Amino acid sequence: MRITPKTPEVRVPRLVGLMAVDARETAEARGVLLAAPDRPDFHLTVVDYVVRQYPLPGTEVPRGAVVTVWFDLGDAEGGAGVRETRLPRPPSGGMRRELDEPGDPFEVLR
């Protein structure tokens, strides 16, 4: 455990991307406490990764303030899911593909 000077204000560390155990150690070393509303057993959580935090990293807060972390994006925000190759590949051209072009193999029917 790293001991920090006893200043009244501390900066919130970046916790997103850290495993739960590392997030707890980092928060303790920086002088803030952690809360995880999506994990009632947060003190036992070890390998789940932090996906969101509040307040944001770098924010000055009073020593001992609570930083809220989340380990799951939830149903509303969705996750990455399984990534598979899309075949056939989408045609190149970006926004131009929105227009019907002569001989367009992917013509939009109205």
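Criteria and thresholds
- Residues numbered from 1 in each chain as written.
- Predicted model: local features only at pLDDT ≥ 70, side-chain atom pairs only at ≥ 80, totals over all residues.
- Heavy atoms only, no water.
- Helix = DSSP H or I, 4+ residues; strand = E, 2+ residues; numbered from the N terminus.
- Polar contact = N/O pair within 3.5 Å; in protein donor to acceptor, adjacent residues only side chain to side chain.
- Buried < 20%, exposed > 50% of the residue type's maximum accessible area, 1.4 Å probe, protein only.
- Contact = heavy atoms within 4.5 Å.
- Core = buried A, V, L, I, M, F, W, Y, C linked by side-chain atoms within 4.5 Å.

### Some details on the side chain of Gln 53
Here Gln 53 lies in strand β3 (residues 52-54). Of note is the side chain of Gln 53, whose polar atom sits 2.7 Å from the backbone nitrogen of Leu 15. One polar contact links the side chain of Gln 53 to the main-chain amide nitrogen of Val 16, over a distance of 3.3 Å.

### So, the environment of Glu 9
Within the fold, Glu 9 resides in strand β1 (residues 9-11). With relative accessibility at 39%, the residue Glu 9 sits in the partly exposed group. Remark: the alpha-carbon pair of Glu 9 and Thr 59, spanning 50 residues in sequence, is separated by 9.8 Å. Not counting chain neighbours up to four residues away, the residues in contact with Glu 9 comprise Glu 60, Val 61, Pro 62 and Arg 63.

### Concerning the nonpolar core
By size, the foremost hydrophobic cluster in this structure holds 16 residues, and its most contacted members are Leu 15, Leu 34, Val 67, Val 69 and Phe 71. Elements with a contribution of two residues or more to this core: α1 (20-30) and β5 (66-70). Of all the elements, α1 adds the most residues to this core, at 3 residues. Apart from residues lying up to four places away in sequence, Leu 34 is in contact with Leu 15, Ala 23, Arg 24, Ala 27, Phe 42, Val 66, Val 67 and Val 69.

### So, the side chain of Thr 68
Relative to the elements of secondary structure, Thr 68 occurs in strand β5. On the basis of relative accessible area, Thr 68 is assigned to the buried category, the value being 19%. In this structure Thr 68 touches Ala 35, Pro 37, Arg 52, Gln 53 and Tyr 54, once residues within four positions along its chain are discounted.

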